[in-house]
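These are the residues of each chain, in order.
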Amino acid sequence: MKHLPSPPTPAAPASQVRWDPTHALIPLIAFLTLGTLLFLQGTPTGAILALLGGCGAIGAGTLALASSDSRRLIAILAEAAMRSGVGK
């Protein structure tokens, strides 16, 4: 009696894929590596923080635009950006 292999389970649709700690670790390592390499090349710390902060803002904006409740998130991000620029 031969056993037939079971059919492979279908991949989860993109809308059901969850963001887990492993996914969050990848950008963290990339940002730490980039910051370290820039520091070792002599880039001032303030410039590194501004660059990485800008990258984070772009990522947050992209996620906000892709979400279902994007208007509220964009308003929150715009308010935070305006408040952070007031002290300069």
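For the structure itself, consult the block above.
All of these numbers come straight from a predicted model, not from anything done at the bench.

> Any details on the overall build of the protein? Residues and values, ideally.
When you go through the protein residue by residue, the secondary structure sums to three helices and zero strands. Burial statistics for the protein: of 88 residues in total, 7% are counted as buried.

> Requested: an account of a nonpolar patch on the surface, with residues and values cited.
Where nonpolar side chains cluster on the molecular surface, the patch consists of L25, L28, I29 and L32 and spans about 370 Å² of accessible area. Tracing the backbone through its elements, the reader meets L25 in helix α1 (residues 21-40). Note on L25: relative accessible area 43%, which makes it partly exposed.

> Give me the lowdown on the packing of α1 against helix α2 (residues 45-66), citing residues and values where you can.
Their axes nearest at 10 Å, the elements α1 and α2 cross at an angle of 155°. The angle between α1 and α2 falls in the class roughly antiparallel. As for the relative orientation of α1 and α2, their crossing is right-handed in sense. In this structure, α1 uses F31, L34, G35, L38 and F39 to contact α2, whose residues at the interface are T45, I48, L51, L52, C55 and G56. Residues of the contact of α1 with α2, tallied by class, amount to eight nonpolar, three polar and no charged.

> Describe α1, with residues and values.
End to end, α1 covers 28 Å across 20 residues, agreeing with the expected 28 Å (1.5 Å per residue, within 8%). In the stretch just after α1, G42 is the one whose phi turns positive, near 95°.

> Please set out α2 residue by residue, giving values where relevant.
Structural remark: α-helix, 3.6 residues per turn; residues separated by three or four positions point the same way. Here α2 spans 32 Å end to end across 22 residues, near enough to the 32 Å set by a 1.5 Å rise per residue. Buried within α2 we find I48, L52, G61 and A64.

Cut-offs applied
Residues numbered from 1 in each chain as written. Predicted model: local features only at pLDDT ≥ 70, side-chain atom pairs only at ≥ 80, totals over all residues. Heavy atoms only, no water. Helix = DSSP H or I, 4+ residues; strand = E, 2+ residues; numbered from the N terminus. Buried < 20%, exposed > 50% of the residue type's maximum accessible area, 1.4 Å probe, protein only. Patch = residues over 30% accessible without salt bridge, like charges linked within 9 Å, V, L, I, M, F, W, Y side chains within 5 Å. Areas by Shrake-Rupley, 256 points an atom, 1.4 Å probe, with all protein chains shown as cover. Salt bridge = Lys/Arg side-chain N within 4 Å of Asp/Glu carboxyl O. Axes fitted to C-alpha atoms, helices over the stretch in contact; angles between N-to-C directions. Parallel < 35°, antiparallel > 145°, perpendicular 65-115°, else oblique. Left-handed = near helix turned anticlockwise from the far one by under 90°. Contact = heavy atoms within 4.5 Å. Nonpolar A, V, L, I, M, F, W, Y, C, P; charged D, E, K, R; others polar. Expected span 1.5 Å × (residues − 1).

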